[in-house]
Amino acid sequence: MYTKRTLEPQELPKDKRFRADVIDLGLCNDVSSDRAVRLIRNAADAGARHVADLANVSQSGKNISRDFMRRCFKNSKWPSTYTCRMTFFDESRGKQFQQEMEMLLPHELLHSLLKVNSIESLRGQEQTVLASRPDLQQHLQDLRSRFGPQDPVLLGLWIDAVPFNSDRSQSLECITLNVLGQKDLRLPIAAVPKAFLAKRETHDQIFHVLAWSMRALLADQFPTARHDGAVWTSGDAYRQRLQGRPLGLTATVCEVRGDWAMFKEVLSFPSWAAHHICWLCNIEKQDIAVVSQTADWRLLGCSSLSSSAGVSSGWLLCRRQPSISTSSFEGGFQVNLLFLFRQLCW
């Protein structure tokens with residue numbers, strides 16, 4: 001297991017290090033919120049600077065932790081979470097259920113980064129990476145010919161499960177976003193205990209929301225309605241104020257990374273037990289022991305792989321009938337995963 005992130009106080013001015021250190025202690029649960037607020041109050045009484053706002057958190061109520069966190073993030077430049085209903089699975093009852101889930105939206109995260117960074121600094125070492133990636137160069141050419149953006153920021157997704165309890169028996173399915181060329185930047189999108197994932201449905205619904213956000217990035221415009229076309233809710237006041245305004249950049253997904261279990265569960269790629277067991281060739285399960293150079297499956301070629309751009313969009317679309325219509329896009333075909341992979345990530 002990885003150790004917890006450690007604070008580097010040397011990066012801050014001396015008079016702000018105490019505030020940062022106590023906030024870090026409280027948010028990492030090294031001390032309780034009640035103890036953190038008490039330390040801050042004592043420091044304020046002793047003349048410490050930059051802690052007056054935190055010292056005003058009430059210690060008499062039952063919501064000290066909530067109030068402490070709100071005060072810590074009051075002036076944060078990061079966007080608020082987006083709340084939507086998702087389908088989950090209850091193992092104890094063997095039934096699906098609907099529950100609200102909060103996640104961060106890619107277009108809002110990139111817009112927040114632009115508040116304190118230029119597009120040039122956000123790109124980082126993008127050109128260095130592109131020089132050694134002909135597949136990404138081809139992806140950019142296809143994108144420009146279809147949709148017109150000449151210089152989009154390239155994004156990547158990482159999807160994997162990580163253990164999150166003491167005996168490592170439970171896993172948390174995490175979806176994170178990175179900007180190509182920014183080596184150490186990982187932005188959280190969503191996290192769900194894997195035990196609660198409803199097969200197909202939870203992932204499909206999460207990626208439906210991401211598809212909506214990615215279309216906003218491609219159009220360089222804040223959405224004018226929620227992901228399902230509904231009007232904004234009371235919790236979307238920030239989004240309602242920005243609707244229709246330019247984001248300040250265009251961006252597209254160019255990589256989706258994960259282990260083979262993820263590709264099987266999320267994208268319906270074949271497994272070792274499937275009829276077609278390999279994504280690189282046309283071998284079938286009954287021919288797994290036939291490995292000679294003249295084996296029939298070696299002569300068939302592979303219709304589901306594009307050598308120039310990785311796995312073809314046709315392969316990704318050959319799963320079960322999708323549920324999300326994209327009739328407003330080219331051809332009127334339907335997809336329900338990987339935010340219109342053929343449109344945005346081909």
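Our subject is the structure listed above.
Residues numbered from 1 in each chain as written. Predicted model: local features only at pLDDT ≥ 70, side-chain atom pairs only at ≥ 80, totals over all residues. Heavy atoms only, no water.

1. Here we look at the sheet that holds strand 4 (residues 171–179)
Judged by pairing direction, the sheet is mixed, and its 4 strands sit side by side in the order 5-4-3-6 without closing on themselves. Each edge of the sheet is formed by a strand with only one pairing partner; in this case those strands are strand 5 (187–193) and strand 6 (251–257). Strand-to-strand, the axes of this sheet are offset by a mean angle of 20°, without reference to chain direction. Relative to strand 5, strand 4 runs antiparallel, the two being bridged by 6 bridges. Residue Ile 175 lies in a different strand from strand 5, and its bridge partner there is Ala 190. Against the sheet, helix 9 (residues 201–219) contacts strand 3 (153–163), strand 4, strand 5 and strand 6, and its axis sits at roughly 10° relative to strand 4. (Pairing = 2+ DSSP bridges. Helix = DSSP H or I, 4+ residues; strand = E, 2+ residues; numbered from the N terminus. Axes fitted to C-alpha atoms, helices over the stretch in contact; angles between N-to-C directions. Contact = heavy atoms within 4.5 Å.)

2. A word on the pairing of strand 2 (residues 95–103)
Bridge count for strand 1 (residues 82–90) against strand 2 is 9 bridges, and the pairing is antiparallel. Paired with Cys 84 across the bridge in strand 2 is Met 101. Adjacent in sequence and paired antiparallel, strand 1 and strand 2 are bridged by 4 residues, among which Gly 94 carries a positive phi angle near 70°.

3. Observations regarding the environment of Ser 169
Its location among the elements puts Ser 169 in the loop between strand 3 and strand 4. Residue Ser 169 is classed as partly exposed on the basis of its relative accessible area of 47%. A distance of 2.7 Å separates polar atoms of two side chains, one belonging to Ser 169 and the other to Asp 167. (Buried < 20%, exposed > 50% of the residue type's maximum accessible area, 1.4 Å probe, protein only. Polar contact = N/O pair within 3.5 Å; in protein donor to acceptor, adjacent residues only side chain to side chain.)

4. Describing the side chain of Glu 108
Inspection of the secondary structure puts Glu 108 in helix 5 (residues 106–113). Engagement of the side chain of Glu 108 in a polar contact is seen with the side chain of Arg 239, the distance being 2.6 Å. With residues near it in sequence (within four places) discarded, Glu 108 still touches Pro 79, Ser 80, Tyr 238 and Arg 239.

5. Considering the pattern of salt bridges
Per the counting criterion, the structure on display carries 14 salt bridges. As a salt-bridge pair, Arg 66 and Asp 67 come within 3.0 Å of each other at their nearest N and O atoms. Among the residues examined, Asp 67 registers a relative accessible area of 25% and is labelled partly exposed. Ionic pairing is found between Asp 135 and Arg 133, a salt bridge with its closest N-O pair at 2.9 Å. In this structure Asp 135 comes out as partly exposed when scored by relative accessible area, which is 27%. One salt-bridge network, in which partners are shared between bridges, spans Glu 108, Arg 226, Asp 236 and Arg 239. (Salt bridge = Lys/Arg side-chain N within 4 Å of Asp/Glu carboxyl O.)

6. Things to note about the packing of helix 1 (residues 17–27) against helix 2 (residues 33–45)
Where helix 1 contacts helix 2, the axes come no closer than 9 Å and their chain directions differ by 165°. Compared by their axis directions, helix 1 and helix 2 come out roughly antiparallel. For helix 1 against helix 2, the interelement crossing comes out right-handed. On helix 2, the residues that touch Phe 18, Val 22 and Gly 26 of helix 1 are Ala 36, Leu 39, Ile 40 and Ala 43. (Parallel < 35°, antiparallel > 145°, perpendicular 65-115°, else oblique. Left-handed = near helix turned anticlockwise from the far one by under 90°.)

7. Notes on the pairing of strand 3
Pairing of strand 3 with strand 6 involves 6 bridges; the strand directions are parallel. Paired with Leu 157 across the strands is Val 256, a residue of strand 6.

8. Observations concerning a nonpolar patch on the surface
Residues Leu 27, Met 69 and Phe 73 make up a contiguous nonpolar surface patch of about 260 Å² in total accessible area. Inspection of the secondary structure assignment puts Leu 27 in helix 1. (Patch = residues over 30% accessible without salt bridge, like charges linked within 9 Å, V, L, I, M, F, W, Y side chains within 5 Å. Areas by Shrake-Rupley, 256 points an atom, 1.4 Å probe, with all protein chains shown as cover.)

9. A short note on the side chain of His 107
Topologically, His 107 is positioned in helix 5. There is a polar contact of 2.7 Å between the side chain of His 107 and the side chain of Ser 213.

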